[in-house]
Amino acid sequence: MLAVAGLSVNAMAQQADPTEKYSVATNSFWSNWFISADFSYGAFYSNEEQGMSPKLSKSPFKGFRNNIGASVAIGKWFTPGFGLRTKATGIWGRNVQSDNKKTNAVKFWNISEQAMFNLSNMFCGYSDTRVWNFIPYAGAGVLRNMSNNYYAMTVSAGIVNTWKLSKHFLLNLDLGYTFAPDYDAFRPANGAVVANYGDGMKNCDRFFTAEIGLTYNLGKTGWNKTPDVEAIKALSQGQIDALNAQLSDAQAENARLKNMLANQPKAEAKVQTVTETKVIAAPVSVFFNIGQSKVASKKDLQNVSDLAKVAKDNNAKIVVTGYADSKTGNANYNKTLSQKRADTVVNELVKMGVSRDKIETVAAGGVNTLSPITYNRRATVEIK
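No experiment lies behind these values; they were computed from the predicted model shown.

Could you clarify how one ought to interpret a positive patch on the surface in this entry?
A surface patch of like charges, here positive, comprises Lys-164, Lys-167, Lys-220, Lys-294 and Lys-298. Mapped onto the elements, Lys-294 comes out in the loop between strand 9 (284–287) and helix 5 (300–313). Lys-294 sits in the exposed class, given a relative accessible area of 63%.

What is the right way to read the pattern of salt bridges from this model?
A complete count under the given rule lists 7 salt bridges for this structure. A salt bridge links Glu-211 to Lys-87; the shortest N-O distance between them is 3.1 Å. Here Glu-211, found in strand 8 (residues 205–218), pairs with Lys-87, found in strand 3 (residues 82–94); they are 124 residues apart in sequence, far enough to count as distant. For the salt bridge of Glu-348 with Lys-351, the shortest nitrogen-to-oxygen distance reads 3.7 Å. Here the residue Glu-348 and the residue Lys-351 both occupy positions in helix 6 (residues 331–351), the gap between them amounting to 3 residues, near one helical turn. Its relative accessible area of 14% is what places Glu-348 among the buried residues. You can call Lys-351 exposed: its relative accessible area is 66%. Overlapping salt bridges bring together Arg-85, Lys-87, Asp-174 and Glu-211 as one network.

Quick question: what am I supposed to make of the environment of Phe-44 here?
Within the fold, Phe-44 resides in strand 1 (residues 33–45). Classification of Phe-44 as buried rests on a relative accessible area of 2%. The spatial distance from the C-alpha of Phe-44 to the C-alpha of Thr-178 is 9.7 Å, given a sequence separation of 134 residues.

I keep staring at helix 6 and nothing clicks. Help me out?
Residues lying three or four places apart along an α-helix face the same way, a consequence of the helix completing one turn every 3.6 residues. The end-to-end C-alpha separation of helix 6 is 31 Å, in line with the 30 Å expected for 21 residues at 1.5 Å each. Among all positions in helix 6, only Asn-334, Leu-337, Ser-338, Arg-341, Ala-342, Thr-344, Val-345, Val-346, Glu-348 and Leu-349 are buried. Those residues of helix 6 that are buried are in contact with strand 9, helix 5, strand 10 (318–325), strand 11 (359–367) and strand 12 (378–383). Where helix 6 begins, the capping side chain belongs to Asn-330, and its oxygen is found 3.3 Å from the backbone nitrogen of Asn-332. Two residues or fewer after helix 6 comes Gly-353, characterised by a positive phi angle close to 100 degrees.

Is there a simple way to explain the nonpolar core in this structure?
Soluble, globular proteins show a tendency: their nonpolar side chains are buried together. Ranked by size, the top nonpolar core spans 21 residues in total, and within it Val-304, Ile-318, Val-320, Val-345, Leu-349 and Val-381 carry the most contacts. Residue assignment for this core shows that the elements contributing at least two residues are strand 9, helix 5, strand 10, helix 6 and strand 12. In terms of residues, this core owes the most to one element, helix 5, which gives 5 residues. Beyond its immediate stretch of four places on either side in the chain, Val-381 contacts Ala-282, Pro-283, Val-284, Val-304, Leu-307, Ile-318, Val-319, Val-320, Val-345 and Leu-349. One finds Phe-34, Ile-135, Val-160 and Trp-223 within the second-largest nonpolar core, a separate group that totals 8 residues.

Help me understand the sheet that holds strand 11 in this model?
What the 4 strands build is an open sheet, ordered 9-12-10-11; its pairing is mixed. Whereas interior strands pair on both sides, the edge strands pair on one side only; in this sheet they are strand 9 and strand 11. The mean angle between the axes of side-by-side strands here comes to 20 degrees, regardless of whether they run parallel or antiparallel. In this structure, strand 10 lies alongside strand 12, joined through 5 bridges in antiparallel fashion. Looking across to strand 12, one finds that Val-319 is bridged to Glu-382. Its contacts with the sheet put helix 6 on strand 9, strand 10, strand 11 and strand 12, and the angle it makes with strand 11 is roughly 150 degrees.

Looking at this model, I keep getting lost on the sheet that holds strand 4 (residues 105–117). Mind explaining?
Each strand in a sheet pairs with its neighbour through backbone hydrogen bonds, running either in the same direction (parallel) or in the opposite one (antiparallel). On the basis of which strands lie adjacent, the closed barrel formed by 8 strands has the order 1-2-3-4-5-6-7-8 and antiparallel pairing. The mean inter-strand angle of the sheet, taken between neighbouring strand axes irrespective of direction, is 25 degrees.

Looking at this structure, I do not really get the layout of surface pockets. What am I missing?
Empty space among the atoms becomes apparent when a probe as large as a water molecule is rolled across them. Of the pockets and cavities examined, the second largest pocket occupies roughly 620 Å³. Together, 32 residues line the second largest pocket, and Trp-77, Asn-133, Leu-170, Asn-217 and Thr-221 are the ones closest to its centre. Put simply, the parts of the chain that give the lining of the second largest pocket at least two residues each are strand 1, strand 5 (132–145), strand 6 (150–164), strand 7 (169–180) and strand 8.

Would you take a moment to explain the environment of Gly-42 for this structure?
Note on placement: Gly-42 falls in strand 1. Given a relative accessible area of 4%, Gly-42 falls into the buried group. C-alpha separation for the pair Gly-42 and Leu-175, spaced 133 residues apart in sequence, amounts to 10.0 Å. Setting aside its immediate chain neighbours within four residues, Gly-42 contacts Arg-65, Asn-66, Asn-67, Phe-208 and Thr-209.

About the criteria used
Residues numbered from 1 in each chain as written. Predicted model: local features only at pLDDT ≥ 70, side-chain atom pairs only at ≥ 80, totals over all residues. Heavy atoms only, no water. Patch = residues over 30% accessible without salt bridge, like charges linked within 9 Å, V, L, I, M, F, W, Y side chains within 5 Å. Areas by Shrake-Rupley, 256 points an atom, 1.4 Å probe, with all protein chains shown as cover. Salt bridge = Lys/Arg side-chain N within 4 Å of Asp/Glu carboxyl O. Lys, Arg positive; Asp, Glu negative; His and termini not counted. Charge placed at Lys NZ, Arg CZ, Asp CG, Glu CD. Helix = DSSP H or I, 4+ residues; strand = E, 2+ residues; numbered from the N terminus. Buried < 20%, exposed > 50% of the residue type's maximum accessible area, 1.4 Å probe, protein only. Expected span 1.5 Å × (residues − 1). Contact = heavy atoms within 4.5 Å. Polar contact = N/O pair within 3.5 Å; in protein donor to acceptor, adjacent residues only side chain to side chain. Core = buried A, V, L, I, M, F, W, Y, C linked by side-chain atoms within 4.5 Å. Pairing = 2+ DSSP bridges. Axes fitted to C-alpha atoms, helices over the stretch in contact; angles between N-to-C directions. 1 Å grid on protein atoms, 1.4 Å probe; cavity = no way out; pocket = protein on both sides within 12 Å on 5 of 7 lines; lining within 4 Å. Points joined across faces, edges and corners; volume = space filled by probe spheres on them.

As structure tokens, this is what we get:
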């Protein structure tokens, strides 16, 4: 059932969530904690009703079988696909011995430790913009029947569906099943042991729950993108190639000038040499994440700082050109995004001491000039 559900989630997520999925970096232990509180509706089935004649209705909506309650949980996601939570459920339940709603009423609590598996992230890749997540879970714990003073070991399983309301708040729907395989947790008030009828797990006391409530993400939430090592290598190699090309051009020009001087007629009395200094520096790129105008890596700004120093020393102007990748968003959106990226770099240059009137900005919009497409999410800085 989980495999079929996973394939369905994969297909639906690909249709409904076109945003980029990416690998994530490891967060600290104190990141991605959460707490949740739910209103609970439970339907109870017990050993005492086995073998009754006539048999009681199995409907979970019968008053002698259902009751309301609440649950609270605290947990942590260790990866986008795996987490643990400690959950406490209870308050009101039913000890189903008859169809009498009043005599069946009991108070109880159940505490369990559960492993959670976010199939949306596991099958479809992590995305911080995904709205719906599909999360099966399984665990074990202990139950106490406070009305009859009995304990039981329990095993539980279920599915949590969450919908993102904001960065920190989620709406959650939890469908769960709990049973006590070795112990009749709910017994009559006189403590008498009721004989089991039939065999197998159906004779264990068990209950189904449907819960709805809110989850709050504590502190830092989400996962950072891992550095794009290949992009960094490609950028460094591109800058080296640009410098080599400029050096080759300078050497060729130097050789041409030497040749001109060597071939000047000897009758000329004097040759006046005029040296013109021109600042040449390779363009520097600053990269951004998809849809963002915040610099992805502060390390990119070190190269910008070096170029800014050269520009200030030579009183030169700087041109900042913002880009977006044409595969994401429409033309108007990409034009605005490229302008924001250029403005972000301009603000950094001003912090580095470059006069704002020495900086020109260009919004190039969406382009597809570099491969892979992620390289186009950038702003370039060059001396004019």
